[in-house]
Amino acid sequence: MNRFWTILFLLVPILGVATFALAPVYGHWLPDDFSERGVNIDRLYYFILYLTGAVFVVTEVVMFWFMWKYDATKTDEPTKFTHGSHKLEIIWTIVPAATLLFIALYQMNAWADAKIDKPDMVPTCKVVARQFEWRIQYPGPDNELDTPDDIYAPPNEMHVPVNEEILIHLESDDVLHSFFLPNFRVKQDAVPGSMIPVWFRATEENEYDLVCAELCGWGHYKMKGRLTVESREEFDAWLADQARDNMATQETVSQDSEDQ
Amino acid sequence: MSATAVGAHGHADSQSMSIGKFLSTYVFSLDHKVIGIQFLFSTLLWFVVGGLLALGVRWQLAWPWEDMPVIGSMLYSAEGGQIAPEFYTMLFTMHASVMIFFVIIPILAGAFGNFLIPLMIGADDMAFPVLNMLSYWFMWPAFILMTLSFFVEGGASAAGWTSYPPLSAIAGAAPASNAGQSLWLLALIFVGISSMMGSVNYMTTIIQMRAPGMTMFRMPMTIWAMFITAILQAFALPVLTAALFMQYLDREFGTGFFVPSGYVVNNESVGAGGGQPLLWQHLFWFYSHPAVYIMILPAMGMVSDMIATFSRKPLFGYKPMVYSISGIAGLGFIVWGHHMFMSGMNPALGMTFMLSTMMIALPSAIKTFNWLGTIWGGKIHFTTPMLFSLAFVSMFIIGGLSGIFMAATPIDIFIHDTYFIVAHIHYVLFGGTAMAVFGGVYFWFPKMFGRMMNEAWGKVHFFLSFVFFNGTFFAMHILGAGGFPRRLADPYHYETFKHMQPLNQFITICAIGMGLSQLIFAGNIIYSLFWGPKCGRNPWKSNTLEWTTPSPPGHGNFDFQPIVYRGPYEYASPEVEEDYYLQTQPPPEGADAEQSTEDGH
């Protein structure tokens, strides 16, 4: 029976590795990445996956081996009466410490690239999160946000041009939300009372999910937006369409108010 | 001291017991053992509640908007047997709140801490028995308020267990945020008071009431862990308590500590505002990150004791273990920001927190290597508590390593708020702490009740829990890698997550299996309480002081004055014939007592 338990523990590393190896075969893996900075993030993900994977397999197998070898009903070896080893303690303090320090330093550039070194440019658009939708607003001909000529997209519809740096001003109207683009490895909480910049560069034209990733109330699950990445020409044409639609709506609104 | 205490309130076993006597012995008892057992049963009952709430969450994720068979129509008749989205947000909020504040924290410190501290250090009781009793009874207002919150209009809190404002701070911001949220805050304040009374008591008891010869470095790891945990509680809790009061004031009096000015939620005006939502996150995590260690350190201590006992070998690297626990406690206060990498906190601060967070992985690594060192060259006995302890180590390796992913800030951008985090926390708190708690119950049950638990059924319980646990939570790493977000009532209307439903169904089936296997545990406890084989003082042939007392120990604990001659882990010592060497056993004639007690290098 002891052998049974020992082998059960050996199954942990075997099935653990198998799960991670087989998941991509069955279509369960990182969603396709279509951004420049996301490539970096994925590279770091794999780096840590292989590193921790190796440590995982080694420690779990060592544990299995000790359980197998030092089973009280099987072993003839006398118990090693020891209280520890100074040398081992120093080794297994310094080696992980150096590794962890290296990991931390190794990540810093990617982090700075994604969150600190904001591109110096006119914002592409402003995204305002509210219960339970995304409102997107583009600067008008004056190239400035929050001026009367701003162009409003229909709720939950976001368009950006492909292969260009995109800078978003992220705000919230009510509670916390989080702006999550799984295919671009972008995530940032929207905080009421603050404007937080978000930037990325999309590399492939398509439609993508925009997910709210911070609990914002009962309708959190349905706060779904669509991001369309398209060529510069298509984007400009779409924006001009929106501008026309806005104008038409404004006229009806002002007519309505005159009628009253 | 010991003698007077016994004289003062002894005779618990008197035949003609009046109601007053019954109340003072079993209900409003001052005896740390009774209080510990009260904590144990209360928290185990809440464990059932928390588990059922989790199964509700799992049902919705596997078969969203489908009628729950049988119980659905009883629970949510208004929705025709379906889980409504607002009910779903309440389910996961209350699952986490119950498990963290009513189960894990009180079962470790309240149940095991209370029961074991005086016994393991050779004291007749806690330093402040009345305070100790109050620490249990202050849990009851919390229990009642939390239960009540399910029945008020709008239901219990549904703002997540982290209760982030403004969602939580504005009454009416969501169905989530009605009276239930205020009751939630009040309940947590009571839990805090209870924990604070406990921690003051534990610190004082451990510092002041150790038996002669019980130096700090002769204390078992369980006691070291409880000591460090008590210090963490004492320093971190006031911050949470202050934050809870502030949020309560925000809700009830419009103080606006956490609410920025000039905006309207759900057509409700928000009052003066002028606050900052991030302030809450800083205060909350300043407590709740150390609380993560409050929820694991005592488990580590208990596991260290069980592994040494069943390897019949001294704990490997006792002092490095003590230092790493202290290191975790110290570093634990400067890593809270890693919960906030995506919150809008200054990203440069994120870098600092990444560095400190990476470093806190180090003491955990040291501890893991020392546990492996302990079983190396021992004689391993595969008892139920040992299997659970080994499972703790095996699962903690996974939980510890997955933590490195989210400590790395760039990767956290992607996996933050996904099921990767859910997998991580459950590997640490279920695979880790709950396994240690199960092991601890099997290990100390004979001491608590004088009867052994059934080993065969214990192993069945272990096997099923271990297999179903991994089936439930390992797959969540894969969900997380796919970006699958937490807290969505229906994730499948996103194209990105549509294909993940079958995997979620597999997880739910495993979770139901895991829930059902706990019936074996409950059955084993109840059966063994009455019909388990009686045991002597030291059924496991262990070294520490609690095993020198009768099982169960009477009022005042020790029927002799314990004097401690050595550390707690002298298994297989060449000085004696047997493979264990009680801390109280006088050294044989001629042996140099001092030399044998210092941990050898």
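Residues numbered from 1 in each chain as written. Chains lettered and ligands numbered in written order. Predicted model: local features only at pLDDT ≥ 70, side-chain atom pairs only at ≥ 80, totals over all residues.

A. A look at the interface of chain A and chain B. Every contact between the two is made by 82 residues of chain A and, on the other side, 91 residues of chain B. For the side of chain A that touches chain B, the secondary-structure elements that each account for two or more residues are α1 (2-22), α2 (36-69), α3 (86-116), β6 (177-181), β7 (186-190) and β9 (206-212) of chain A. Ranked by residue count, the leading element in the side of chain A that touches chain B is α3(A), at 18 residues. (Contact = placed C-beta atoms within 7 Å. Helix = DSSP H or I, 4+ residues; strand = E, 2+ residues; numbered from the N terminus.)

B. Structural context of the domain arrangement of chain A. Under the domain assignment, chain A is made up of domain 1 (2-73 + 86-116) and domain 2 (125-251). Counting from both sides, the interface comprises nine residues of domain 1 of chain A and, opposite them, nine residues of domain 2 of chain A. (Domains from an automatic or database assignment.)

C. Summary view of the sheet that holds strand β10 (residues 224-230) of chain A. All names here are of chain A. Ordered in space as β4-β10-β9-β6-β7, the five strands form an open sheet in which the pairing is mixed. The two strands at the open ends of the sheet, each matched to only one other strand, are β4 (157-161) and β7. Pairs of neighbouring strands in the sheet enclose a mean axial angle of 25 degrees, with direction left out of account. Here β6 pairs with β7 via five bridges, running antiparallel. Looking at the pairing, F180 lines up with K187 of β7. (Pairing = 2+ DSSP bridges. Axes fitted to C-alpha atoms, helices over the stretch in contact; angles between N-to-C directions.)

D. Layout of the packing of helix α12 (residues 318-331) of chain B against helix α13 (residues 347-375) of chain B. Residue and element names in this part refer to chain B. Contact geometry for α12 and α13: axes closest at 9 Å, N-to-C directions at 160 degrees. Considering the angle they form, α12 stands roughly antiparallel to α13. Between α12 and α13 lies a crossing whose hand is left-handed. Here P320, M321, S324, G327, I328 and L331 of α12 come into contact with α13, specifically with S356, M359, I360, P363, I366, K367 and N370. For the contact of α12 with α13, the per-class residue count stands at eight nonpolar, four polar and one charged. (Parallel < 35°, antiparallel > 145°, perpendicular 65-115°, else oblique. Left-handed = near helix turned anticlockwise from the far one by under 90°. Nonpolar A, V, L, I, M, F, W, Y, C, P; charged D, E, K, R; others polar.)

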